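Structural description and commentary
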Amino acid sequence: MAPPSACHAIAAHAFRETERWWGRFGDLKITSAFQPIFSITHRRPVGYEGLMRAQTDTGAPVSPPDAFRRARDVPECVFLDRLCRLVHIRNVLDAGEDTGWLFLNVSPLVSIHGRDHGSYFAELLAEHGLSPNRVVIEILESAIEDREQLVPAADYYRDLGCLVAIDDFGAGHSNFDRIWRLQPHIVKMDRNTIEQAAQQRQVRRLLPNLVSLLHESGSLVVMEGIETEEQALIAMDAGIDFVQGYYFGRPTSVPTEADASFPDGLCDRFRAFATGEALRYRRELRHYEQVFETAARRIAAGQPPQAACQELLCLPRVERCFILDGDGHQLGDNLMAKRTPDPRFQPLAEARGAVWSRKPYFRRAIAEPDRVQVTRPYLSLTGANMCVTLSIQLPTATGPRVYCVDLDWPA
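So, how was this worked out
Residues numbered from 1 in each chain as written. Predicted model: local features only at pLDDT ≥ 70, side-chain atom pairs only at ≥ 80, totals over all residues. Heavy atoms only, no water. Core = buried A, V, L, I, M, F, W, Y, C linked by side-chain atoms within 4.5 Å. Buried < 20%, exposed > 50% of the residue type's maximum accessible area, 1.4 Å probe, protein only. Helix = DSSP H or I, 4+ residues; strand = E, 2+ residues; numbered from the N terminus. Phe/Tyr/Trp six-rings, centres within 6.5 Å; stacked < 30°, edge-to-face > 60°. Lys NZ or Arg CZ within 6 Å of the ring centre and 35° of its normal. Disulfide = S-S within 2.5 Å. Arc of directions from axis to C-beta. Contact = heavy atoms within 4.5 Å. Axes fitted to C-alpha atoms, helices over the stretch in contact; angles between N-to-C directions. Parallel < 35°, antiparallel > 145°, perpendicular 65-115°, else oblique. Left-handed = near helix turned anticlockwise from the far one by under 90°. Pairing = 2+ DSSP bridges. Right-handed = clockwise from strand over helix to strand, strands pointing away. Salt bridge = Lys/Arg side-chain N within 4 Å of Asp/Glu carboxyl O. Nonpolar A, V, L, I, M, F, W, Y, C, P; charged D, E, K, R; others polar.

Side note on the nonpolar core
Phe-121, Ile-137 and Ile-240 are the most contacted members of the largest nonpolar core, which totals 73 residues. Here the element with the most residues in this core is helix 3 (residues 74-94); it accounts for 10 residues. Formed by 27 residues, the second largest nonpolar core is a distinct cluster that contains Ala-296, Cys-309, Leu-335 and Ile-392.

Concerning the packing of aromatic side chains
Tallied over the full model, the rule gives 13 aromatic pairs. On the basis of an interplanar angle of 55° and a centroid distance of 6.1 Å, the ring pair of Phe-38 and Phe-262 is categorised as tilted. Remark: Phe-262 occurs in the loop between strand 11 (242-243) and helix 11 (266-300) and Phe-38 occurs in strand 3 (residues 28-39); sequence separation between them is 224 residues. A single burial state applies to Phe-38 and to Phe-262, both of which are buried. Between Phe-322 and Tyr-361 the ring centres are 6.2 Å apart and the planes differ by 75°, which places this aromatic pair in the edge-to-face class. On the criterion of sequence distance, the pair formed by Phe-322 in strand 12 (residues 318-325) and Tyr-361 in helix 15 (residues 360-367) is long-range, its members being 39 residues apart. A residue is classified by how much of its surface remains accessible, and Phe-322, at 5% relative accessible area, is buried. Using a relative accessible area of 4% as the deciding quantity, one classes Tyr-361 as buried. Three or more aromatic residues joined by ring pairs make a cluster, and in this case those are Phe-38, Tyr-247, Phe-248 and Phe-262. A cation over an aromatic ring shows up here: Arg-250 above the ring of Tyr-246, its NZ or CZ 4.0 Å from the ring centre. One Lys or Arg, Arg-317, reaches over the ring of Trp-409 and ends 4.3 Å from the middle of that ring.

Description of the state of the cysteines
Here a disulfide denotes a covalent bond joining the sulfur atom of one cysteine to the sulfur atom of another. Enumeration according to the criterion identifies zero disulfides in this entry. Lacking any disulfide linkage, Cys-404 is separated from the closest cysteine sulfur, that of Cys-321, by 9.3 Å. For Cys-404, a relative accessible area of 2% gives the class buried.

Some points on unusual backbone geometry
Phi is positive for Asp-168, which is not a glycine, with a value near 55°. Its location among the elements puts Asp-168 in strand 8 (residues 163-169). Phi at Asp-370 takes a positive value of approximately 65°, unusual for a residue other than glycine. Of note, Asp-370 is situated in the loop between helix 15 and strand 14 (373-374). On the basis of relative accessibility, which here comes to 44%, the residue Asp-370 falls in the partly exposed class.

Examining helix 15
Listing the buried residues of helix 15 in full gives Tyr-361, Phe-362 and Ala-365. Here the buried residues of helix 15 occupy an arc of 100° about the axis, which is enough to place them on one side. The inward-facing, buried residues of helix 15 abut strand 12, strand 14, strand 15 (378-379), strand 16 (386-394) and strand 17 (401-408).

Notes on the side chain of Ser-380
Within the element layout of this structure, Ser-380 appears in the loop between strand 15 and strand 16. The exposure class of Ser-380 is buried, given its relative accessible area of 4%. If we ignore the near neighbours within four places in the chain, the residues touching Ser-380 are Arg-320, Asn-385 and Cys-387.

Some thoughts on the environment of Trp-101
Within the secondary structure, Trp-101 is located in strand 6 (residues 101-106). Residue classification places Trp-101 among the partly exposed residues on the basis of a relative accessible area of 22%. Put simply, Trp-101 and Thr-375 are 274 residues apart on the chain and 40 Å apart in space, counted from C-alpha to C-alpha. Ignoring any residue separated from it by four or fewer positions in sequence, one finds Trp-101 in contact with Val-46, Gly-47, Tyr-48, Asn-133, Arg-134, Val-136, Leu-163, Ile-186 and Phe-242.

A look at the packing of helix 3 against helix 5 (residues 121-128)
Where helix 3 meets helix 5, the axes come as close as 11 Å, and the angle between the chain directions of the two elements is 20°. In terms of orientation, helix 3 and helix 5 fall into the roughly parallel class. For the pair helix 3 and helix 5, the sense of crossing is right-handed. In this structure, helix 3 uses Arg-85, Leu-86, Ile-89, Arg-90 and Leu-93 to contact helix 5, whose residues at the interface are Phe-121, Leu-124, Leu-125, Glu-127 and His-128.

A short note on the pairing of strand 10 (residues 220-223)
Bridge count for strand 9 (residues 186-189) against strand 10 is four bridges, and the pairing is parallel. Across the sheet, the residue bridging to Val-187 is Val-221, located in strand 10. Handedness of the strand 10-helix 10 (residues 229-237)-strand 11 crossover: right-handed.

Quick notes on the pattern of salt bridges
Counted under the stated rule, the structure contains 20 salt bridges. Here Arg-320 makes a salt bridge to Glu-319, at a shortest N to O gap of 3.4 Å. The salt bridge involving Glu-368 is made with Arg-371; its shortest N-O contact spans 3.0 Å. Three or more residues joined by partner-sharing salt bridges are found here, namely Glu-49, Glu-138, Lys-188 and Glu-224.

Describing the packing of helix 8 (residues 191-199) against helix 9 (residues 201-216)
It is the contact of helix 8 with helix 9, at a shortest axis distance of 5 Å, that shows an interaxial angle of 125°. Our classification of the angle between helix 8 and helix 9 gives oblique. The interaxial crossing formed by helix 8 with helix 9 has left-handed handedness. Across the interface between the two elements, Thr-193, Gln-196, Ala-197 and Gln-199 of helix 8 pack against Arg-201, Val-203, Arg-204 and Leu-207 of helix 9. Counted by class, the contact of helix 8 with helix 9 contains three nonpolar, three polar and two charged residues.

What follows is the structure, encoded as structure tokens:
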């Protein structure tokens, strides 16, 4: 336990004015804003992020990065970081917010060097009667080159009973290696992620897989920077747990649910959005499924593959048709559509004798015979392009066969 002066030295620079706490750092006045973080499932705020607001004595605003750049050395950086947390805690408690999480940012420098300046945070929480399990410590790990330095810091807050969050995942140096090492309870995805997902189909398609990987690593996921309904729907479709951004609530001086309500009808609009996406996908594929199934049944009945697939190979998205045995081995060459393949991937083009038993389109066809299976878009090994594969297992005189067709599906 740090000596009493550890907290008192910081508290001497905190003042109350018109029911709001603020702190003094040089010529800067430091106070708080709180932005709600919503659970999509619960449709209500489950926490608030404490945000620094700084201004000079003349009233000129100063951004948080610029405020920290005014710190002349590590001790001053530690002081400013601790002062911010003190002001946030006092303001949130004075507002009567006594159930949700309080997300507090910790400077990367302080994460590493704070312990060299005496224990502080445990005493701060105890002095204000704030349970550690209500606090989420956000560590901006992308600013630290040596990932090993952050592990003890994360362990310190975890041992106190706080939740640990990695902030701005996807920016800078962020990668899954750091997630596995730090084992955060929560990962906050960089706001550029949702912006890119709204602009690029490829990013949007990959986002659910990224969220799934974070879930499998043991972390809940917050999507930051949501400013439009379209972005909110994309986040919901990706399986995001929590959302934060202007669309759901702007930062306010007092954290109250009265100022942060889940948008009316958003869940209903999401159902329509998800249903519409699925319908558009199936509608575009319907004709391909019909022509493909006809061709497959003709081959199974004994018609030569080239003749049976003639109409199918003329359809605009079709790339190749191929046949697998019951163990996933390809029988014969690909039947190619009449278009020039990418010569850079020529070593992958020859597929006679390849084994495709690992592929979902094969496994699903084996599990549900006599029914056309449709994959989601994925990266084709034979052409290194995005494709969709249709497959169906049918009986033949020489055993079960799985008939397949690859369709080009641009990102």
